[in-house]
Amino acid sequence: MTELEKIEYTKSFIDKLANGINPLDGTPVPDGELLNNVRISRCMFYVSDILRQVIENGGVKPQKKEKKAPFEITSEQLERFEYSDRPIALSEISGRLKALIDSEKMKTLSYNDLANWLIDIGALEEYENSEGKNKKRPTEMGESLGISEEKRSGMYGDYIVVVYNREAQQFVIDNLSSVIALKNK
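1. Describing the overall build of the protein chain
Working step 1: Of regular secondary structure, the protein chain possesses eight helices and five strands.
Working step 2: Taken from the N to the C terminus, the helices and strands of the protein chain come in the order α-α-α-β-α-α-β-β-α-β-β-α-α.
Working step 3: At 26 Å, the protein chain has a C-alpha radius of gyration far larger than the 16 Å of a compact globule built from 185 residues.
Working step 4: C-alpha atoms of the protein chain, sized along the principal axes, occupy 75 × 45 × 30 Å.
Working step 5: Within the protein chain, the proportion of its 185 residues that are buried is 31%.

Put into structure tokens, the structure is as follows:
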């Protein structure tokens, strides 16, 4: 029996134990037995999942993920940024930036990173809406840059989204070094 087969065999025993089945004869474990304790069962499911990962990885323990490098982007990569002639949300700008880098190895710039910078420079402001939720909206400066609000309809009714016209998109891209500096602060 190979090492991988031994692990698969062991996993089958653990799965049965986790489900309250005696792995030796296939009969249910009687109520009140230690193996039917919820905490013991959860531990067995946890061990089973680890063994599943080992099996899927060819019989070796999966390696821990490497830490991602800080976000950086070259001017060549930025030249490939796809500007939109129609106003788009900041999350869309973030997504388009993510598409330009290797996000498996590098951290990305999130919506929050971009929004925090825009708040920091005074282009956006935070406020509490009528439902008590924190929202963002453009300031007078933000509006002059091409940031506006748009009413949209969705599954749960109408809502307001902050959008960025082509000039505002260009402004964000032109100032990415400032965004990155604030993120790394």
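2. Examining the side chain of Thr-139
Working step 1: Counting through the fold element by element, Thr-139 comes out in the loop between strand E3 (134-138) and helix H6 (140-145).
Working step 2: According to the relative accessible area criterion, Thr-139 is buried, its value standing at 14%.
Working step 3: Not counting the four nearest positions on each side in its chain, Thr-139 is found in contact with Gly-122, Ala-123, Leu-124 and Glu-125.

3. Overview of the confidence of the model for the protein chain
Working step 1: Looking at the protein chain, the pLDDT average stands at 90 and 99% of residues meet or exceed 70.
Working step 2: For the protein chain, per-element mean pLDDT is lowest for helix H2 (residues 38-56), which scores 86, and highest for H6, which scores 98.

4. Structural notes on the sheet that holds strand E5 (residues 157-164)
Working step 1: Pairing is antiparallel in the open sheet, where three strands are placed in the order E1-E5-E4. What marks the edges here is a single partner per strand, and that holds for strand E1 (88-89) and strand E4 (147-154).
Working step 2: Looking at chain direction, E4 and E5 are connected through eight bridges and run antiparallel. Bridging across to E5, Ser-153 finds its partner in Asp-158.

5. Brief notes about helix H7 (residues 166-174)
Working step 1: Considered for burial, the residues of H7 that qualify are Ala-168, Gln-169, Val-172 and Ile-173. The buried residues of H7 all sit within an arc of 140° when viewed along its axis, so they share a single face. Residues of H7 that are exposed and point over 90 degrees away from its buried face: Glu-167 and Asp-174.
Working step 2: For H7, the N-terminal capping position is held by Asn-165, with its side-chain oxygen 3.0 Å away from the main-chain nitrogen of Glu-167.

6. Observations concerning the packing of aromatic side chains
The geometry of two aromatic rings is summed up by the distance between their centres and the angle between their planes.
Working step 1: Evaluation of the coordinates by the stated rule reveals three aromatic pairs.
Working step 2: Here Tyr-9 and Phe-13 contribute two aromatic rings whose centre-to-centre distance is 5.0 Å and whose plane-to-plane angle is 50°, an arrangement assigned as tilted. Residue Tyr-9 and its partner Phe-13 are both found in helix H1 (residues 3-18); the two are separated by four residues, about one turn of the helix.
Working step 3: One cation-aromatic arrangement involves Arg-137 over Tyr-127; the distance from NZ or CZ to the ring centre is 4.0 Å.

7. Focus: the environment of Lys-16
Working step 1: By the secondary structure assignment, Lys-16 is in helix H1.
Working step 2: Lys-16 sits 29 residues away from Phe-45 along the chain, and the two C-alpha atoms are 9.7 Å apart.

8. A word on the nonpolar core
Working step 1: Of all hydrophobic cores here, the largest spans 28 residues; its most connected members are Ile-93, Leu-97, Tyr-164 and Leu-176.
Working step 2: Secondary structure elements with two or more residues in this core: helix H4 (90-98), helix H5 (111-120), E5, H7 and helix H8 (176-183).
Working step 3: No other element matches the four residues that H5 contributes to this core.
Working step 4: In contact with Leu-97, other than residues within four places in its own chain, are Ile-73, Leu-78, Phe-81, Leu-109, Ile-173 and Leu-176.
Working step 5: Judged by nonpolar contacts, the second largest core, of eight residues, contains Ile-14, Ala-18, Val-54 and Ile-55.

9. Here we look at H5
Working step 1: If you check which residues of H5 are buried, you get Asp-113, Leu-114, Ala-115, Trp-117 and Leu-118.
Working step 2: At the C-terminal side of H5, Gly-122 shows a positive phi close to 90°.

Here is what the cut-offs are and how they apply
Residues numbered from 1 in each chain as written. Predicted model: local features only at pLDDT ≥ 70, side-chain atom pairs only at ≥ 80, totals over all residues. Heavy atoms only, no water. Helix = DSSP H or I, 4+ residues; strand = E, 2+ residues; numbered from the N terminus. Rg over C-alpha atoms; globule rule 2.2 N^0.38 Å. Buried < 20%, exposed > 50% of the residue type's maximum accessible area, 1.4 Å probe, protein only. Contact = heavy atoms within 4.5 Å. pLDDT = per-residue confidence, 0-100. Pairing = 2+ DSSP bridges. Arc of directions from axis to C-beta. Polar contact = N/O pair within 3.5 Å; in protein donor to acceptor, adjacent residues only side chain to side chain. Phe/Tyr/Trp six-rings, centres within 6.5 Å; stacked < 30°, edge-to-face > 60°. Lys NZ or Arg CZ within 6 Å of the ring centre and 35° of its normal. Core = buried A, V, L, I, M, F, W, Y, C linked by side-chain atoms within 4.5 Å.

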